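# Residue-level structure breakdown
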2 protein chains.
Amino acid sequence: MKQPAICPKFEKAISLLSQRWTALVIYQLLSGSQRFSEIQSAIGISGKVLSERLKELEQQEVVKREVIPETPVVIEYSLTEKGKSMEPILRTIENWSQQWVKLESE
Amino acid sequence: MKQPAICPKFEKAISLLSQRWTALVIYQLLSGSQRFSEIQSAIGISGKVLSERLKELEQQEVVKREVIPETPVVIEYSLTEKGKSMEPILRTIENWSQQWVKLESE
DNA sequence: TCTATAACTTACTTTATGTAACTTAGTTTA
DNA sequence: TAAACTAAGTTACATAAAGTAAGTTATAGA
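Positions within a chain are numbered from 1, following the residues in the order the chain's sequence is written. Starting at A for chains and at 1 for ligands, labels are handed out in the order in which the entities are written. The predicted nature of this model means local features are confined to residues of pLDDT at least 70 and side-chain atom pairs, given and counted, to a pLDDT of 80 or more, with totals for whole chains, interfaces and linings taken over all residues. By convention in this description, side-chain values take in all heavy atoms of the structure and omit both hydrogens and water.

Going by what an unreviewed UniProt entry lists, chain A is known as Helix-turn-helix domain-containing protein and is assigned to Metasolibacillus meyeri.

In structure tokens, the structure reads:
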């Protein structure tokens, strides 16, 4: 009765994407590089968790961080190639949601 | 500086999929209807959380529950049409993971 | 010197998840 | 007939993750 184990690469992808906020952060960055505070207000995430997520995403090489020496200093976050390659995932979810998700208000 | 709000249907889809275990449960059911204990051992989720997730997924009409009066009674879970329509999402993640995810062991 | 700003960080509270033992109902087994 | 077994949960308790709001750091302008 042993079942084939779930592919570890798939599992790793799922565990990344199914952390709260991660998918929304990536989705948000699909529209171009943005600053910490922009991402924060766009998706309504707390500074604490956004900071954690961005570090993890940097470490996974999904997001890159760039310091811009303005005044006060500004930090720009953008997607790497790996990050951009996730666009089809987000678009597939987007399409599905338009077809299948019902809101309370409907 | 107001940004366009994120589409509420998309947000709802994301909040469903980014709950821990939800995507894996759906993925598991893509290979056919299964019993509580099969899902549990296949993906390594605790009975408590699996029970919570299955209730939510039933409520969202993604999963359906069927009582089979064997002995002892068996409960079969399977995907509804809405659930099956999520297959492209999982396959897109699966494909991406094969191309981009690196494991520790590599 | 005082105030302002962006990007965090910290301390503390609330919520979610994990673990393991327990429940229920019908069924064998001793 | 009573003890034991099974599937599918549920409960109580412990740990981890997320939310909130105040605080920190560095630079600069009033």
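Glancing now at the protein's contact with DNA strand D. Residues are classed as near a molecule or strand on a simple rule: at least one heavy atom within 4 Å of it. By nearness alone, 21 residues border DNA strand D, and K48(A), R53(A), T71(A), R65(B) and Y77(B) come closest of all. Within the side chain of S37(B), a nitrogen or oxygen atom sits 3.0 Å from a phosphate oxygen of DNA strand D. In the environment of DNA strand D, a phosphate oxygen lies 2.8 Å from a nitrogen or oxygen atom belonging to the side chain of S51(B). Comment: elements are numbered from the N terminus, with helices defined as DSSP H or I runs of at least four residues and strands as E runs of at least two. Of all elements in the fold, only helix 4 (47-59) of chain A together with helix 3 (36-43), helix 4 (47-59) and strand 3 (74-79) of chain B reach the threshold of two or more residues within the surface near DNA strand D. Of all the elements, helix 4 of chain B adds the most residues to the surface near DNA strand D, at 4 residues. Think of it as three bins: nonpolar holds Ala, Val, Leu, Ile, Met, Phe, Trp, Tyr, Cys and Pro, charged holds Asp, Glu, Lys and Arg, and polar takes everything else, Gly as well. Looking at the surface near DNA strand D, its residues break down into 8 nonpolar, 5 polar and 8 charged. Whenever two N or O atoms come within 3.5 Å, that pair is a polar contact, provided that in protein one can donate a hydrogen and the other can accept it, and provided that, for residues adjacent in sequence, both atoms are side-chain atoms.

With that settled, consider the UniProt feature "domain: HTH hxlR-type" (unreviewed entry) in chain A. In this numbering, the UniProt entry assigns the feature "domain: HTH hxlR-type" (unreviewed entry) to residues 7-105 of chain A. As a span, residues 7-105 of chain A carries 58% helix and 14% strand, and end to end its C-alpha atoms are 39 Å apart. UniProt positions are given in the numbering used here, feature names are shortened, and annotations may be inferred rather than shown by experiment.

With that settled, consider the relation of the copies chain A and chain B. Its rotation angle being 180°, the transformation that places chain A on chain B also includes 0.0 Å of axial translation and leaves an RMSD of 0.0 Å. In the structure described here, the two chain copies are related by an operation that fits a two-fold rotation axis. Across chain A, the smallest distance between a C-alpha and the rotation axis is recorded for S18(A), namely 1.9 Å. A contact between two residues is defined here by any heavy atoms of the two lying within 4.5 Å. Here 100% of the interface residues in chain A have copies in chain B that are interface residues too; the copies meet face to matching face. When the copies are overlaid, the least-squares fit takes in C-alpha atoms only where the residue has pLDDT of at least 70 in both copies.

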